[in-house]
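Here is what each chain is made of, one letter per residue.
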Amino acid sequence: MRASPFACALVVVAFGTGCVPEFDDDTSRVAAPRVLAIRADPAEVRERLDKTATFTALVAAPDGSATPEVFWSLCIDRKPLSELGPVSPKCIASPEPGPSIAEPLGTGTSIEATIPETACQLFGPQRPDPKPGEPSGRPVDPDPTGGYYQPVMAWLGTTAVLGSVRLGCPLRDIEFNQRYRQNENPALDALEAVRGDGTALPLDDGGSLDLSPGERVTVRTTWPLCPAVDECGDGICGPDEDQTTCQGTGDDCAAPRGCTGAERYVFFDALAQSTSERWEALTVSYYATDGSFDNPRTGGTATAGAEGQPGTNNGYVAPSAGTAALWVIVRDDRGGTAWRSFNVNVSP
Amino acid sequence: MKPRLTKAPKLVTFVEAEYPESEKSAGKTAAVVLQIGISATGSVSDVAVVESAGPAFDAAAIDAAKRFVFEPAELNGKPGPIRINYRYQFVLKEAVPTTAILTGVVRSRPGGEPLAGVTLALDDGTQVVTDAEGRFTFPELAPGRRRLLISRADLKGLQTEEELVAGQKLDATYEIELLPVADDGEEHDDLEIVIVMPKLVKQTVSTKIEADEGRRVAGTQGDVLKIVENLPGVARATAGSSAIVVWGAAPEDTRVYVDGMRVPLLYHYGGLRSVVHTDLVQSVELIPGGYGAAYGRGLGGLVVVATRDPATDRLHGSVQLDVMDASVALQGPIGKGWSFEAAARRSHLDWVLDTATTEEVDEFYPIPQYYDAQARVRKNFGEKEFVELTGLLSSDEVARVVDSNDPKARKRETRKLRFQRAGFRYKTTTNEGSIVEVLPWFGANQQSLEASFGGVDTHLTLESLLFGFRANFSSKVSDTVVANLGLDLEAARTNGQRTGSVGSPPREGDGRAFGQPPSDQTNTDEWRAVIGSAAPFAELDIGLLSDSLHIVPGLRFDPLFVSIDRRVPREGDSPGVGAYSADMALEPRLAVRYALSRRARLKAAYGEYRQPPVADDLSPAFGNPLLGVSEGRHVLGGGDFDLTRTFSVETTAFYTESTGLAARNPIPSPLIAEALVGIGAGRSYGAQFLVRRNLADGLFGWVAYTLLRSERQDEPSKPYRLFDFDQTHVLTALAAYQLGLGFDVSARVRYATGFPRTPVTGAYLDSRRSIFEPVLGPKNSERIPAFVQLDVRVAKRFTLGKSELELYLDVQNVTNRDNPEEIAYSPDYSEKRYVTGLPILPVFGASWRF
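Residues numbered from 1 in each chain as written. Chains lettered and ligands numbered in written order. Predicted model: local features only at pLDDT ≥ 70, side-chain atom pairs only at ≥ 80, totals over all residues. Heavy atoms only, no water.

1. Comments concerning the sheet that holds strand E8 (residues 82-90) of chain B
The strands that make up a sheet are held in pairs by hydrogen bonds between backbone atoms, and each pair lies either parallel or antiparallel. Residues and elements named next belong to chain B. Going by this rule: One requirement defines pairing of two strands: DSSP has to find at least two bridges between them. Here a strand is any run of E in DSSP of at least two residues, a helix any run of H or I of at least four, and the numbering for each starts at the N terminus. An axis is simply a line fitted to the C-alpha atoms; with a helix, the fit covers only the stretch in contact. Between two such axes, the angle follows the N-to-C directions and lies from 0 to 180 degrees. In what follows, a contact means two residues having at least one pair of non-hydrogen atoms within 4.5 Å.
Spatial strand order, E4-E3-E8: three strands in an open sheet with antiparallel pairing. Only two strands of the sheet have a single partner each, and these edge strands are strand E4 (44-51) and E8. This sheet shows a mean twist of 30 degrees between the axes of neighbouring strands, independent of strand direction. Strand direction decides the pairing type here: strand E3 (residues 30-38) and E4, joined by six bridges, are antiparallel. Paired with Ile36 across the bridge in E4 is Val47. Contacting E3, E4 and E8, helix H2 (residues 55-65) runs over the sheet at an angle of about 35 degrees to E3.

What follows is the structure, given as structure tokens:
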């Protein structure tokens, strides 16, 4: 929605504020080969328990276009406070900036990387080793979920995409260390295209959808409902369960697994200096080689044990002709990622 | 039988002969022998010359002798007539003077034209009037210190004192300003806007603009304090900004005082209204640098606002209304010796937009909401002594909400700034002209920022309690020396609370792109800081070479102390360990002014300054509790010249440097509680020019130009880069003309170099957050295009009995130029466009004064 020129002029002339230009946000359009997302498995590596992680890139390209190989590097350079971006500029400057800046990992859509033993010092809450005679260094600040991340770069030619894996670093708070559970990558419970007449067409990964030229559909994305109360035997190791609480009745924490929806998790509230609970917020991003989405992203609101199937919707308008490739990417706000792709065939 | 003299005659009344002037001036002495006939009663019956000394002496002696009185002679025991010979001696004596002479000339300032018909009146009622050549003479005056009042209907009255010595003639020259007189004989305020570069005790380098002039300038919407932005040395603020940037100093480095009380800002959010009602302002001094020892704690300049004395003749007031706000002011007497003034203003644009549109305009544009109020009560004890109580309050709030289905595009921001002040002042002027002033004051500031963007919340709250005390004693210690001694004390306790990323809110010099979401690495902190200093100062104004040369040395001893409740960020329930630091140093100041002639004056100044860290930067998590004091030096020189009676030129060259500025820690692994370190440096240099036409024949105006370069160094190993507020060229030309019949027109043209910005050279996707991040080029290596704007104002005044109604139309950006204000980028930083400022649009307003 745009304000009227009259209102704009009134405010601008009265207070000298500027008129911000509007840009067409075409970040959803895939016009050339692009890396749209990076997924880490596991979604979170625990210190001393998970030595490696596998990174997978979602490479999208228009049909028939040559897709270069993805080159990976693991950033091991800590960014200074004067850098307001998410990663050291040296890591993002070139694919091979030097062994003290980034470790080359090789090429391929998917790569396995060894997580540095010092990751929780480089990118986490553990203070860097002090120099002789000096106090300890400043730890890295966490994200709003209380998380820390090991950065990794996926290079497509000279274009980089920054990915990461969440670091499960222990804190000094005992309750946090006891109750925190490793993040789980989300999963799409269902992906559907709902036509104007209400017909819901399921969209499997790699499937296709036939639409009329310019037809408008609602793309509905849903994910599993996660429990608000931990129950033994549900297969989910929640914050209030451990290997002693569910003995004999379904030990969910023997092989701990999280919920693939909007999880309930604990974080350390630095202001209150105590451990608190919160729910994940899931965001869905949309991409297509043709046609258009109403919004490049939807979702983003924390789901507090909602009734019914949690999810989000977006509108899509089919192109006038031809075939379009579409990708739907689900992210939780703790770094977990999942995606599904499908094609749209336009016929009169 | 011949009578026998039994008693000789006796002279009882001697009359001094008037020494003939011709003989006296020739230095001649003489003796005249007279034969004097004395009657039986003792009176002189006749006088004849026996031995002449010349006609002049003879005549003088005869004239005196005729008035002698004798006891008569006695002949045979009875009074009787007799003749005697009398030798009258004329001797030159050294006369003891008993009176002094005061003479001289009265001239106009500027211009130096002699003023006829000026009345000079002494304290004993003696008065003279200047002749056609402006000359006057008091021929015989009692010696001592005499008070002199110089007046004429169209002059600003001048009262001065002179020391008269018996037997000496004092030749004085007095220069007085003419008061402008409007065609309709309206009264004029004696409000002055004084730009001082630097301030000297008796003779200031200043540009004075009358209140009436200030209100008539296009683009000010009738707010006199807005005139400051049109003066040399002042950079053009970003559209909507309330910041004042002088000589390339950061806005927070320039301190603003209202009646001696420090306030956090001069203009409300949006930058189009000052926080003090126009009708209450007596004067504002903008001192861009090189200020004297009476002030400190700021590396930039000073803005000193003085409110006017409340009216004592009758009730005066005003009501003003335009599309932005409404205001009211009132002042007058409330009893014998008592007077008051009060004013209030409130914005209403939010209400106007709600009524005039059906849209949620605040979703797109932040709409400032503000109000302010001032009040004063004064008790006068005679003409030279008073006490008063003053109160100020101000509130600003601006909010913006952008809702979106895209969670990364949702934005919410609310900024608030409120302050309150209360001060008590006592001032007295002694008979000898000494001034004593004492001002204790209290205050509070409340500042907050609540924002959410890209899923990252930012919260910042700063609440401060302030106390200040200023005492001044100014006195003439000799004929050529005036001393100013004082104490300047200020202390503030601040409670801070902050949550968010280190880069939000951003600092000057941060590499970022407009509209870039903040980093999602967040921290949180609570801290308390106490910052204070008690600075005694002394300043002398030494007049030499017949008052043509003034040297003003000053010294300020400013011990700054900082106390913080926690040295490191909180960890669990561990008790905080505080920190305290004290820094003491002498700050020398020196100003020199030399009058080459009546029309030309040279000036120079040097000063060393220090500034304590701000409370915001003392957070253990976001700043550094042990930040030290920043230091600076100012050097300036220049002159002003009266080209003609109405045209004058001023020019000043300056250089300032500063060290120990708080900057982001550049190392990858900083120590705990060292997110900021005092390793930054800055420098500014340039020159400013002002060509001015004083009000004459209804026309006034000026051209102000500043050539400036302002740089910062983020760490010693890095080269200097452009300061975020650097503007190479700032040109303002304005003129106002009284058309007659109550019509005024004015126009203003402004040109300013665009601010430097850091270019975006690329971008990459942050997959975890699903947003693009910019890749930045060299810091501040490109500029926003230049700003050019023409504003025009037309006003019509109506006299309604004893009141006046003014209607005005203020059209800004007459040419409808799309002035770029900021660089905006598309979400993936592949496209770049400019945020433009205001289009052409008139602002209509009305004010009624009585």
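2. Here's the deal with the interface of chain A and chain B
The test is simple: We define a polar contact as two N or O atoms separated by no more than 3.5 Å, with the added condition that, inside protein, one atom must be a possible hydrogen donor and the other a possible acceptor, whereas residues neighbouring each other in sequence contribute only through side-chain atom pairs. Any residue that is not Ala, Val, Leu, Ile, Met, Phe, Trp, Tyr, Cys, Pro, Asp, Glu, Lys or Arg is counted as polar, Gly included; the first ten are nonpolar and the last four charged.
Taken together, the 76 residues of chain A in the interface contact 77 residues of chain B. Put simply, chain A and chain B have 18 residue pairs in polar contact (both at pLDDT 80 or more) between them. Elements with a minimum of two residues in the side of chain A that touches chain B: helix H1 (5-15), strand E1 (34-41), strand E8 (159-168), strand E15 (281-288) and strand E17 (297-302) of chain A. In terms of residue count, the dominant contributor to the side of chain A that touches chain B is H1(A) (ten residues). In the side of chain A that touches chain B, the residues fall into 41 nonpolar, 20 polar and 15 charged. Pairing geometry for E8(A) and strand E45 (residues 760-766) of chain B, over two bridges, is parallel. Within E45(B), the residue paired with Leu162(A) across the bridge is Asp766(B).

3. Digging into the state of the cysteines
Residue and element names in this part refer to chain A. Applied cut-off: Disulfide assignment relies on a single distance test, namely cysteine sulfur atoms paired within 2.5 Å. The buried label goes to any residue with under 20% of its type's maximum accessible area, the exposed label to any with over 50%, and the partly exposed label to all in between, with areas taken from a 1.4 Å probe on protein chains only.
The tally for this structure, following the rule as stated, stands at three disulfides over all chains. The disulfide that involves Cys75 links it to Cys91, with 2.0 Å between the sulfurs. A torsion of 75 degrees about the S-S bond marks the disulfide between Cys75 and Cys91 as right-handed. Note that Cys75 is positioned in strand E4 (residues 70-75) and Cys91 in helix H2 (residues 89-93), a separation of 16 residues in sequence. Grouping residues by exposure puts Cys75 and Cys91 together as buried. Note that Cys226 is cross-linked by a disulfide to Cys259, the S-S spacing being 1.8 Å. On the sign convention where negative is left-handed, the bridge of Cys226 and Cys259, at about -90 degrees about the S-S bond, is left-handed. Within this pair, whereas Cys226 is found in the loop between strand E12 (216-222) and strand E13 (264-269), its partner Cys259 is found in the loop between E12 and E13, the two being separated by 33 residues in sequence. For Cys226, a relative accessible area of 6% puts it in the buried group. Of the residues examined, Cys259 reaches a relative accessible area of 5% and is grouped as buried.

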